[in-house]
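A structural walkthrough
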Amino acid sequence: SNMILSWNCQGAGSFLAIRHLREIRQKFFPGIMFLMETKNKRDYLQDLQVEFGYDFLFTVEPIGLSGGLALFALSEFNVQVLSSNSRVIDVSATIDGNKVFISFVYGDPVINQRLHVWEQLARISTSRSDAWFMVGDFNEINGNHEKSGGRIQSENSFLDFRFMQQNCGMIELPYSGDCMSWVGRRHNYLVKCR
């Protein structure tokens with residue numbers, strides 16, 4: 001399948017995460033699967049690689065009990081890791097015979113650290129001329145229109161994220177279904193975000 005799955009699973013070893021991954025694998029079998037907040041070491045993720053039938057696995061180890069990234073892929077995608085750290089795995093891949101670049105992004109949960117991620121993506125963009133995708137959980141939104149519930153954020157708080165997208169020449173791909181992909185509680189308010 002040419003599907004790419006990106007999921008902040010908040011612990012790849014939890015019963016619910018494994019159940020959801022099995023359901024996704026059975027129903028869709030994404031050709032490339034990116035997991036954030038795996039909270040598990042490579043040995044455990046190698047077991048998942050075998051169970052789910054992926055040819056390729058690249059991991060970034062968690063720090064203590066937080067973080068961790070895993071990228072699984074089928075061999076037909078010819079994934080080559082170009083650079084990686086705890087926030088971005090940048091790769092080249094082949095999709096439908098075309099070479100593409102994909103940056104798998106996990107935006108820093110700490111607000112004042114996100115700018116470092118945006119700067120890293122802007123640096124990557126200077127060497128890109130072929131098709132380039134960014135996929136992941138940016139831990140950021142473009143404006144209050146991408147949020148329901150909670151307090152209104154200052155327009156200035158979105159500027160760095162918007163500037164990064166503009167600087168990198170990014171456009172949003174069309175989607176279907178519910179655009180609010182995150183839900184949580186903040187100070188007794190139910191908040192949903194895109």
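Residues numbered from 1 in each chain as written. Predicted model: local features only at pLDDT ≥ 70, side-chain atom pairs only at ≥ 80, totals over all residues. Heavy atoms only, no water.

1. A look at the overall build of the protein chain
Across its full length, the protein chain holds four helices and eleven strands. Taken over C-alpha atoms, the radius of gyration comes to 17 Å for the protein chain, in line with the 16 Å a tight globule of 194 residues would show. Out of the 194 residues belonging to the protein chain, those deemed buried represent 43%. For the protein chain, the accessible surface area stands at approximately 11100 Å², while carbon and sulfur atoms represent 52% of it. Computed over 19 positive and 20 negative side-chain charges, the separation of the two mean positions in the protein chain equals 6 Å. (Helix = DSSP H or I, 4+ residues; strand = E, 2+ residues; numbered from the N terminus. Rg over C-alpha atoms; globule rule 2.2 N^0.38 Å. Buried < 20%, exposed > 50% of the residue type's maximum accessible area, 1.4 Å probe, protein only. Areas by Shrake-Rupley, 256 points an atom, 1.4 Å probe, with all protein chains shown as cover. Lys, Arg positive; Asp, Glu negative; His and termini not counted. Charge placed at Lys NZ, Arg CZ, Asp CG, Glu CD.)

2. Focus on the sheet that holds strand E3 (residues 56–60)
Within a sheet, adjacent strands bond to each other through the backbone by hydrogen bonds, running parallel or antiparallel. Spatial ordering of the open sheet is given by E1-E2-E4-E3, a layout of four strands whose pairing is mixed. Every other strand in the sheet has two partners, leaving strand E1 (4–8) and E3 as the edge strands with one partner each. On average, each strand axis in the sheet is inclined to that of its neighbour by 10°, with strand direction left out of account. Helix-sheet contacts for helix H1 (residues 15–27) involve E1 and strand E2 (32–36), and the interaxial angle to E1 is about 170°. (Pairing = 2+ DSSP bridges. Axes fitted to C-alpha atoms, helices over the stretch in contact; angles between N-to-C directions. Contact = heavy atoms within 4.5 Å.)

3. Details of the packing of helix H3 (residues 114–125) against helix H4 (residues 159–167)
Interaxial distance between H3 and H4 falls to 9 Å at its minimum, and their mutual angle equals 10°. Between H3 and H4, the angle falls in the class roughly parallel. Along its contact with H3, which presents Leu115, Trp118, Leu121, Ala122 and Ser125, the element H4 presents Asp160, Phe161, Met164 and Asn167. Its residues placed into classes, the contact of H3 with H4 shows six nonpolar, two polar and one charged. (Parallel < 35°, antiparallel > 145°, perpendicular 65-115°, else oblique. Nonpolar A, V, L, I, M, F, W, Y, C, P; charged D, E, K, R; others polar.)

4. Describing H4
Where H4 is concerned, the buried positions are Phe161, Met164 and Gln165. The buried residues of H4 all sit within an arc of 95° when viewed along its axis, so they share a single face. In H4, those exposed residues whose orientation departs by more than 90 degrees from the buried face are Phe163 and Gln166. Immediately downstream of H4, the backbone of Gly169 shows phi near 70°, a positive value. (Arc of directions from axis to C-beta.)

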